[in-house]
Amino acid sequence: MNTLVDYPSVVERYEPTLGLEVHVELSTNTKMFCGCPTTFGAEPNTQVCPTCLGLPGSLPVVNRTAVESAIRIGLALNCSIAPWGRFARKNYFYPDMPKNFQTSQYDEPICVDGYMDVTLDDGTVVRVGIERAHMEEDTGKSLHVGGATGRIHGADYSLLDYNRAGVPLIEIVTKMIPDTGGRAPEVARAYVTQLRDLISSLGVSDVRMDQGSMRCDVNLSLSPAGSGVLGTRTETKNVNSLRSVERAVRYEMSRQAGVLDAGGEIVQETRHFEEQSGTTRAGRRKETSEDYRYFPEPDLVPIAPSAEWVEELRGTLPEKPWERRARIQQAWGLSDEELRDLVNAGALDLIEATVAAGAPAGEARSWWVAYLAQQANSRSVELAELPITPAQVARVIALVAAGDLNNKLARQVVDGVLAGEGEPDAVVESRGLKVVSDDGALIAAVDEALAAQPDVADKIRSGKVQAAGAIVGAVMKATKGQADAKRVRELIIERCG
Ligand SMILES: [Zn+2]
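This write-up is about the structure you can find in this document.

About the cut-offs
- Residues numbered from 1 in each chain as written.
- Predicted model: local features only at pLDDT ≥ 70, side-chain atom pairs only at ≥ 80, totals over all residues.
- Heavy atoms only, no water.
- Pairing = 2+ DSSP bridges.
- Helix = DSSP H or I, 4+ residues; strand = E, 2+ residues; numbered from the N terminus.
- Donors = N, O, S within 2.8 Å, 3.2 Å for Na, K, Ca; no water.
- Tetrahedral: all angles 85-135°; square planar, octahedral: opposite > 155°, others 65-115°.
- Buried < 20%, exposed > 50% of the residue type's maximum accessible area, 1.4 Å probe, protein only.
- Salt bridge = Lys/Arg side-chain N within 4 Å of Asp/Glu carboxyl O.
- Arc of directions from axis to C-beta.
- Contact = heavy atoms within 4.5 Å.

1. Overview of the sheet that holds strand E4 (residues 101-104)
Hydrogen bonds between backbone groups are what pair the strands of a sheet, and the pairing can be parallel or antiparallel. The 3 strands lie next to each other as E4-E3-E14, forming an open sheet whose pairing is antiparallel. Looking at which strands have only one partner, the edges of the open sheet turn out to be E4 and strand E14 (295-296). Where strand E3 (residues 88-91) lies against E14, 2 bridges are found, and the strand directions are antiparallel. Bridging from a neighbouring strand, Arg-89 pairs with Phe-295 of E14.

Printed below as a string of structure tokens:
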């Protein structure tokens, strides 16, 4: 049994070298080399065809949208785009891979030599080099039944679902990241977080780590501090949350230091991260690339993106999410914490779109983080899934600003929109929610309320103006909250001389 070394002691005596490989499933409508749909969660083996099942005689065709997405990801990561490249066959046998080879890119990746500047919580910027980003296809899924842990070991039988086989993947590989010292776990997490946000902003993947559409492998080695000798690395596979990325790096640092302290050697192997315990366990010995007998895929023509096409795609890149956040934070005068809350609530895009539709930022923010957040919460859906658009919210805000609605009525209008009753104006009309500020209607209600509470009326007449509140309340009640409260107060004072 291996002893773990205290983290501060690891950092004192060893220098970690980090490398991260992130697989991103693209959200194309169809698979990488065939026309099968890619809908997540479909019945097992309903989204398959001869090509993605690797049946004899079937021929692959490259998905143009996937290539486009790969190029856009590469450009966003400051990579050079290769003017020419072939796919390769990576040969290995595994039951969830029906062809017994994976069509991938080997020595001719489409994107090379980029970087991303990663900002840590305290503002420190670490430049992470990108070695390559290449295209490949996903495997199917195995389900091991009967074992205690869902692992193949101890299972009674296994089921295979090939729906995912052939779904387009981009694998993004960093260069070795040295000199992060004790901050390696934090750098790893910040890198994956930023990468996720960047890819999300491109709209090419839903980057859900919990659903496996983004998966991270952590490479880590230790060298004795100051030695300059690179240690043997391990590769921890399929780390499935941002928090786990940080924990996996930290654990491997402590574990490897324990092995080295005891005079042992680090084995080059893949390891599996255990979510429950936060530890890693040994997997298979790491294959070398020779083991895979890569060779150029003979059934696919090379990919040769023209310079014009690449430039056209560069023109489609959106503002970087972190630059956009900084701009919004400044424009809306938000603290770091307020900004983080908006981002975490998934409200930033919605608020920005509401502002773009003409609403003041403060009110747009208040609607989305208060009333609408409550509505989303009570329906157990994400804010963005509520059946109301930013333009509709902006319209409600405009109606309030124009004095046509007060806040209470505005909430009823929003309720109507959420209930599918149509646009805000239609809901105002059909539910009769407009503020009543027409003096004729209000005077009658004021007189009635004064007559019903003669003692209060006397107080007001004797100069106790603050007593008018009770009458305002009565009028609001009588008009079902639709009276213009400010005008009602004026009328009460007028009527009482
Ligand atoms: Zn297919």
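2. Structural notes on the coordination of the zinc ion
Within the protein, the atoms that donate to the zinc ion are Cys-34 (SG), Cys-36 (SG), Cys-49 (SG) and Cys-52 (SG), at distances of 2.3 to 2.4 Å. Coordination at the zinc ion is tetrahedral: its 4 donor atoms span angles of 99 to 115 degrees at the metal. Taken in chain order, the donor set of the zinc ion reads C-x1-C-x12-C-x2-C. Residue Cys-36 is located in the loop between strand E1 (14-25) and helix H2 (64-76), and its partner Cys-52 is located in the loop between E1 and H2; the two are separated by 16 residues in the primary sequence. Each member of the pair Cys-36 and Cys-52 is classed as buried.

3. Some words on the pattern of salt bridges
In a structure, side chains of opposite charge can pair up when their charged atoms sit close to one another. Here the structure, examined in full by the defined rule, presents 36 salt bridges. For Glu-275, the salt bridge identified is with Arg-247, shortest N-O distance 3.8 Å. One end of the pair, Glu-275, is in the loop between strand E12 (269-274) and strand E13 (279-285); the other, Arg-247, is in helix H4 (residues 242-261), and 28 residues separate them in sequence. Here Glu-311 ties to Arg-314 by a salt bridge, and the two come within 3.0 Å at their closest N and O atoms. Remark: Arg-314 and Glu-311 occur in helix H5 (residues 307-314); sequence separation between them is 3 residues, near one turn of the helix.

4. Brief notes about helix H14 (residues 454-461)
All of the buried residues along H14 are Val-456, Ala-457 and Ile-460. End-on view of H14: buried residues confined to an arc of 100 degrees, all on one side of the axis. Contact partners of the buried residues in H14: helix H13 (439-452), helix H15 (468-478) and helix H16 (485-495). Gly-463 sits one or two positions beyond H14 and adopts a positive phi of about 105 degrees.

5. Comments concerning unusual backbone geometry
In this model, Asn-238 sits at a positive phi of 45 degrees, which is unusual for a non-glycine residue. Relative to the helices and strands, Asn-238 is located in strand E11 (residues 234-239). Note on Asn-238: relative accessible area 40%, which makes it partly exposed. The residue Ser-380 is not glycine, and still its phi comes out positive at about 55 degrees.

6. Focus: the pairing of strand E5 (residues 111-119)
Both strand E2 (residues 80-81) and E5 contribute to a ladder of 2 bridges, which runs antiparallel. Its bridge partner being in E5, Ile-81 is matched across the sheet by Cys-111. Across 8 bridges, E5 lies against strand E6 (residues 125-137) in antiparallel orientation. Bridge assignment links Val-112 to a residue of E6, and that residue is Arg-132. A loop of 5 residues connects E5 with E6, the two strands running antiparallel in sequence, and Gly-123 in this loop sits at a positive phi of about 95 degrees.

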